[in-house]
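So you can see what is in the structure, the chains are spelled out below.
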Amino acid sequence: MENKNNTVYYEAKKPIFSKKKIGIIIAALIIIAIIAASITTVKPGHTGVVVTLGKVSNNVLSEGLHMKVPFVQNVVQIDNRIVKLEVETEAFSKDLQTVSTVLAINYRVESDMSYSVYKNVGSNYEAVLVIPAVNEALKAITSKYTAEESVTNRVLIADGLLDELNKKLNSSGLIVTDVNIINFDFSDVFIEAIEEKQVAQQRLLKAETDKQTAITNAEADAETLRIKAEAEAEANRIINESLTAQIIEYNKIEKWDGVLPIATGTSNIIDLGSFEK
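It should be emphasised that the depicted structure is a prediction, and the values quoted were computed from it without experimental measurement. All residue numbers here refer to positions counted from 1 along the written sequence of the relevant chain. Reporting of local features is limited, given that this is a predicted model, to residues whose pLDDT is at least 70; pairs of side-chain atoms are given and counted only at 80 or more, and all residues count toward the totals for whole chains, interfaces and linings. Where side-chain values are given, they derive from all heavy atoms of the structure, hydrogens and water being excluded.

## Section: the pattern of salt bridges
What counts, and what does not: Here, a salt bridge means any side-chain nitrogen of Lys or Arg that lies within 4 Å of a carboxyl oxygen of Asp or Glu. Secondary structure elements are defined from DSSP: runs of H or I of at least 4 residues count as helices, runs of E of at least 2 residues count as strands, and each element is numbered from the N terminus. Working definition: with a 1.4 Å probe on protein chains only, accessible area under 20% of the residue-type maximum means buried, over 50% means exposed, and in between means partly exposed.
Scanning the model with the defined rule gives three salt bridges in all. The residue Glu 110 makes a salt bridge to Arg 108 at a minimum N-O spacing of 3.2 Å. For Glu 136, the salt bridge goes to Lys 168, with nearest N and O atoms at 3.1 Å. Taken together, the residues Glu 136 in helix H3 (residues 125–142) and Lys 168 in helix H5 (residues 154–169) connect sequence positions 32 residues apart. Assessed through its relative accessible area of 47%, Glu 136 is described here as partly exposed.

Shown next, in the form of structure tokens:
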């Protein structure tokens, strides 16, 4: 702005934000931060374990939106969905054969026990609880069966493992829902012995089959001969019963060609039976 003396004056501009407005903005941000810190969301398939200044609460939060004390409480998310764990381990059978096993274990954290799992074990419960329990249970179960029985009793062993694992883990808040034996493996020497045994059993079975076939054929031949003999005997019986003295004499005459036999001696008796051919 200029005056008559051409002197230039500058007007001081008012600040955009006054101290009052800045204070309001700061207060609003603090309120927003407090509200945000007071809200927590538990993801689907999870439960929330509330920790207040380092102390774990016995109550757990279900999935969804919840309020908590800001800057004092925090919520730890525990996954309660079924988790698949694959374990490779070794154990000894009843006959002291080494059994290398691959297992597929399905387990989950019991929702109501999430706080206990986190409080007593932490989030690394799979390595601390589940895997050691699987190894121990497998050793207990496989020791009841020989190596060969282990192969033929896979379902029984899997069921036994399921029961044994739940006995060990349920009290800690873990539930095993399924156990599958993916593979049993043995030493090369044992596998060769099993193969040789199977070959021997197959040979024995074939020999028994051939023997039974021979016996069956012999019995069939004997039965055929018996039937034939009975038939011939019955035919002879019928023929003998039908023959009479007249028929026999008639047949003799029918077979005579009219030529008298040449006889020597003093006997005058001629036997017509000599004319039979």
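## Section: the packing of H3 against H5
To be explicit about the condition: Orientation is described by axes fitted as lines to C-alpha atoms, over the contacting stretch for helices, and by angles from 0 to 180 degrees between their N-to-C directions. The labels follow the angle: roughly parallel below 35 degrees, roughly antiparallel above 145, roughly perpendicular from 65 to 115, and oblique for the rest. Crossing handedness: left-handed means the near helix sits turned counterclockwise from the far one by under a right angle, and right-handed means the same turn made clockwise. Any two residues having at least one pair of non-hydrogen atoms within 4.5 Å are treated as being in contact.
Between H3 and H5, whose axes approach to 9 Å, the crossing angle comes to 135 degrees. The pairing of H3 with H5 is recorded here as oblique in orientation. In this structure, H3 meets H5 at a crossing whose hand is right-handed. The segment H3 lies against H5, with Leu 129, Val 130, Ala 133, Val 134, Glu 136, Ala 137, Leu 138 and Ile 141 engaging Ile 157, Gly 160, Leu 161, Glu 164, Leu 165, Lys 168 and Leu 169.

## Considerations on the sheet that holds strand S6 (residues 83–92)
Filter applied, for reference: Paired strands are those between which DSSP finds at least two bridges.
Taken in spatial order, the three strands of this open sheet run S6-S7-S8, and their pairing is antiparallel. Looking at strand neighbours, the two that pair on one side only are S6 and strand S8 (174–185), the edges of this open sheet. Direction aside, neighbouring strands of the sheet carry axes that sit 25 degrees apart on average. Here S6 pairs with strand S7 (residues 98–109) via 10 bridges, running antiparallel. Pairing of Leu 85 across the sheet is with Ile 105, part of S7. Packed onto the sheet, H3 meets S6, S7 and S8 and runs at close to 40 degrees relative to S6.

## Here's the deal with unusual backbone geometry
Positive phi values are uncommon outside glycine, yet Leu 53 reaches one of about 50 degrees. Within the secondary structure, Leu 53 is located in the loop between strand S2 (46–52) and strand S3 (55–61). The class for Leu 53 is exposed, based on a relative accessible area of 70%. At Phe 71, a position not held by glycine, the phi torsion is positive, near 65 degrees.

## Some thoughts on the nonpolar core
Put simply, the rule is: For our purposes a nonpolar core is just a set of buried Ala, Val, Leu, Ile, Met, Phe, Trp, Tyr and Cys residues, chained together by side-chain atoms within 4.5 Å.
Counting 37 residues, the largest nonpolar core has Ile 105, Leu 161 and Leu 165 as its most contacted members. At the level of elements, S2, strand S5 (73–79), S6, S7, helix H2 (114–120), H3, H5 and S8 are the ones that each hand at least two residues to this core. Among the elements that take part in this core, H3 stands out by supplying eight residues, more than any other. Sequence-distant contacts of Leu 161, that is, excluding residues within four places in its chain, are made with Leu 103, Ala 137, Leu 138, Ile 141 and Val 179.

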